[in-house]
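What follows is each chain in one-letter form.
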Amino acid sequence: MIEETIDRALRGGDIGLDGVTELMSITDPKEMETLFEAARKVRDAEFGRKVFTYGFVYFSTYCKNNCNFCYFRRSNKDIGRYRKSIEEVVQLAGSLKDAGINLADLTMGEDPAMYADDYKLLIDLISAVHDDVGISIMASPGALPREVFPRIREAGADWHACYQETYNSELFESLRVEQSYDDRLNQKVWAMEAGLLAEDGMMIGLGESVRDRADTILRMGGLGCQQIRAMTFVPQEGTPMQDNAPMGPQDELKTIAIMRILFPDRLIPCSLDVEGIAGLESRLSAGANVITSIVPPNRNLAGVAQHELDIENGNRSVEHVFEMLDSLGYRRAESSEYVSFLDSRRNGGA
Ligand code: SAM
Ligand code: MD0
Ligand code: SF4
């Protein structure tokens with residue numbers, strides 16, 4: 001049954017929406033371990049024990065949007081927002097590079113100041129990090145007009161990240177209020193069209209059904225994004241969803257494993273932004289091969305889902321994450337390996 005479905009998927013068979021729903025519905029711990037073990041094998045065959053590392057630079061926490069799930073939504077007043085200068089971001093990205101981190105994820109809320117004057121500050125910031133630091137760059141600036149993508153690429157970004165959260169369009173529109181489902185979906189297409197690599201992502205625990213989750217996995221993979229992610233929803237104080245019961249990580253872990261089995265060659269993150277460093281081992285054991293949301297302490301930087309957890313105590317620091325990786329028997333990738341990997345993906349190679 002479960003084993004048969006996993007076997008069929010491992011042999012490259014099409015298990016369809018019913019098959020993915022069956023795997024997403026697993027609750028038995030032994031079956032879950034069977035799923036994770038299969039995912040680890042796929043990951044190890046494709047990437048070995050090599051893991052890529054991404055530093056998270058949330059450089060502006062101002063946002064004009066009002067997503068119901070997000071701490072940084074515009075209606076959440078008095079949360080102490082900040083906007084870093086270009087010099088500060090260059091400095092932060094430089095220290096990530098020197099410490100051996102493979103990529104700087106330059107993330108912001110949809111900050112009108114960054115979008116003003118035809119996206120000048122955003123483009124200048126990406127150019128400055130590219131020219132002065134030379135680290136690989138992911139831009140996570142929210143939804144952009146189609147014509148801005150080539151400029152992001154020219155400025156030096158390798159990736160554009162923009163998560164659909166769910167492929168249930170009604171649910172999307174009830175959560176990402178006043179935003180267009182189709183426009184957000186197009187972000188991935190426009191990014192790839194401009195020569196960027198694209199990341200799509202889903203959240204778990206927004207009110208979606210198990211079948212919605214399965215459908216989202218298939219649709220994310222089908223779009224062709226080179227990096228796909230899942231994050232458990234973490235309820236945020238001061239938002240309309242603050243009283244939702246927090247959920248455990250099991251469904252996220254199953255999602256990671258299923259994505260790995262169905263789409264072996266994709267980058268799949270283990271985000272430290274859900275459970276902090278405590279969530280590292282389980283996500284790697286479910287088949288993840290990138291660590292995201294590494295955040296240096298003492299720099300007044302926030303996370304998204306966990307805006308404080310494990311940051312100032314240094315648990316999400318480069319040094320601590322590297323130590324943990326070693327002790328778990330993984331090897332962190334050199335930045336030169338990451339750059340070659342990106343080049344091969346951009347050229348359509350495997
Ligand atoms: N503002 C940009 C955007 O929305 O695309 C970029 C950053 S946004 C803060 C990054 C992602 O964080 C969201 O797309 C969502 O998937 C995730 N996120 C936000 N709030 C979350 C929460 N409370 N729990 C889990 N993930 C969350
Ligand atoms: C993460 N908090 O990696 C970040 C964020 C944005 N590109 C990524 C959701 O978990
Ligand atoms: Fe703004 Fe992004 Fe948060 Fe939505 S998820 S409120 S767009 S920062």
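Structure: above.
The numbers attached to residues start from 1 for each chain and follow its sequence in the written order. Each chain takes a letter, starting from A, and each ligand takes a number, starting from 1, following the order in which they are written. Given that the model is predicted, a residue must reach a pLDDT of at least 70 before its local features are reported, and side-chain atom pairs must reach 80 or more before they are shown or counted; all residues, however, enter totals for whole chains, interfaces and linings. Side-chain numbers come from the whole structure's heavy atoms, not from hydrogens or water.

> Looking at this structure, how should I read helix α13 (residues 335-346)?
Residue pairs spaced three or four apart in an α-helix point in one direction, given the helix's 3.6 residues per turn. The terminal C-alpha atoms of α13 lie 16 Å apart, and with 12 residues this matches the ideal 16 Å at 1.5 Å per residue to within 8%. We call a residue buried when its accessible area falls under 20% of the maximum for its residue type, exposed when it is over 50%, and partly exposed in between, using a 1.4 Å probe and counting protein chains only. A run of DSSP states H or I qualifies as a helix once it reaches four residues; a run of E qualifies as a strand once it reaches two. Both are numbered from the N-terminal end. Residues of α13 that are buried include every one of Tyr338, Phe341, Leu342 and Arg345, and no others. The arc that holds the buried residues of α13, viewed along the axis, is 100°, so those residues lie on one side. Expected helix span is taken as 1.5 Å per residue step, with the number of steps being one fewer than the number of residues. Directions from the helix axis toward the C-beta atoms define the arc.

> Teacher, can you tell me more about the packing of aromatic side chains here?
How two aromatic rings sit relative to each other is set out by the distance from centre to centre and by the angle between their planes. When two rings of Phe, Tyr or Trp (its six-membered ring) have centres within 6.5 Å they constitute a pair, described as stacked for plane angles under 30 degrees, edge-to-face for angles over 60, and tilted for the intermediate range. A full pass over the atoms with the stated rule returns 11 aromatic pairs. Ring centres of Tyr54 and Tyr338 lie 5.7 Å apart, and the angle between their planes is 70°; on these two criteria the pair is classed as edge-to-face. Highlighted residues: Tyr54 in strand β1 (residues 50-60) and Tyr338 in helix α13, separated in sequence by 284 residues. Each member of the pair, Tyr54 as well as Tyr338, is classed as buried.

> I tried to follow the packing of helix α2 (residues 16-24) against helix α10 (residues 250-262) on my own but got confused; where do I start?
Think of two packed helices as two axes; the pair is described by the angle between the axes and how far apart they sit. Between α2 and α10, the shortest axis-to-axis distance is 10 Å and the interhelical angle comes to 140°. Comparing the axis directions of α2 and α10 gives the class oblique. Crossing handedness for the pair α2 and α10: right-handed. Touching Val20, Leu23 and Met24 of α2 are Asp251, Lys254, Thr255, Ile258 and Leu262, all from α10. Interaxial angle, 0 to 180 degrees, is taken between N-to-C directions of lines fitted to C-alpha atoms, where a helix line uses only the stretch in contact. Angle categories: roughly parallel below 35 degrees, roughly antiparallel above 145, roughly perpendicular from 65 to 115, and oblique for all the rest. Crossings are assigned a handedness: left-handed for a near helix turned anticlockwise from the far helix by less than a right angle, right-handed for a clockwise turn. Any two residues having at least one pair of non-hydrogen atoms within 4.5 Å are treated as being in contact.

> Any chance you could explain the pairing of strand β3 (residues 136-140) here in plain terms?
Successive residues of a regular strand alternate their side chains across the two faces of the sheet. When you tally the buried positions in β3, you get 5 out of 5 residues, the bulk of the element. Of the two faces of β3, the one holding Ser136, Met138 and Ser140 and the one holding Ile137 and Ala139 are both buried throughout. Where strand β2 (residues 103-108) lies against β3, 5 bridges are found, and the strand directions are parallel. What sits directly across from Ala104, in β3, is Ile137. Viewed along the sheet, the connection from β2 through helix α5 (residues 112-132) into β3 turns out right-handed. A pair of strands counts as paired when DSSP detects no fewer than two bridges linking them. Note on handedness: a clockwise path from strand one over the helix to strand two, with the strands aimed away from the viewer, defines a right-handed crossover.

> Looking at this model, I keep getting lost on the site of ligand 1. Mind explaining?
Near residues are defined by distance, with any heavy atom within 4 Å of the molecule or strand qualifying the residue. As a structural note, the neighbourhood of ligand 1 is formed by 20 residues, with Phe69, Glu165, Arg176, Arg184 and Val234 the closest of them. N or O atoms closer than or at 3.5 Å make up a polar contact, with two conditions inside protein: a donor-capable atom paired with an acceptor-capable one, and, for residues adjacent in sequence, both atoms drawn from side chains. The contact in question runs from a nitrogen atom of ligand 1 to an N or O atom on the backbone of Met108, over 3.0 Å. Between ligand 1 and Arg176 there is a distance of 2.9 Å, counted from an oxygen atom to a side-chain nitrogen or oxygen. Using a 1.4 Å probe, the Shrake-Rupley method yields the accessible areas, and only the shown protein chains count as cover for residues. Alone, ligand 1 offers 560 Å² of accessible surface; in the complex the protein occludes 93% of this. Of all the secondary structure elements, the ones that give two or more residues to the shell around ligand 1 are β2 and β6 (227-232). Amino acid classes used here: Ala, Val, Leu, Ile, Met, Phe, Trp, Tyr, Cys and Pro are nonpolar; Asp, Glu, Lys and Arg are charged; the rest, including Gly, are polar. Of the residues belonging to the shell around ligand 1, the class tally is 11 nonpolar, 6 polar and 3 charged.

> What am I meant to see in the nonpolar core here?
Most often, soluble globular proteins have nonpolar side chains that are buried together. Only buried Ala, Val, Leu, Ile, Met, Phe, Trp, Tyr and Cys residues count toward a nonpolar core, and they belong to the same one when joined by side-chain atoms within 4.5 Å. Core analysis: the biggest nonpolar cluster contains 103 residues, and Leu106 and Ile152 have the highest contact counts within it. Top contributing element to this core by residue count: α5, with 9 residues. For Ile152, the residues in contact, after removing those within four places along its chain, are Leu122, Ile123, Ile126, Ala139, Leu144, Ala157 and Leu196. Counting 15 residues, the second largest nonpolar core, distinct from the first, contains Met138, Ala161, Tyr163 and Ala333.

> Sorry if this is basic, but what is going on with the pairing of β1 here?
In terms of residue burial, β1 counts as a mostly covered element, since 10 of its 11 residues are buried. The pairing of β1 with strand β8 (residues 290-294) spans 3 bridges and is parallel. In the strand pairing of β8, Phe52 is matched with Val290. Pairing of β1 with β2, which is carried by 6 bridges, proceeds in the parallel orientation. Bridge assignment links Ser60 to a residue of β2, and that residue is Met108. On the question of chirality, the crossover connecting β1 to the parallel β2 by way of helix α4 (residues 86-98) is right-handed.

Read these as spatial facts, not as claims about activity.
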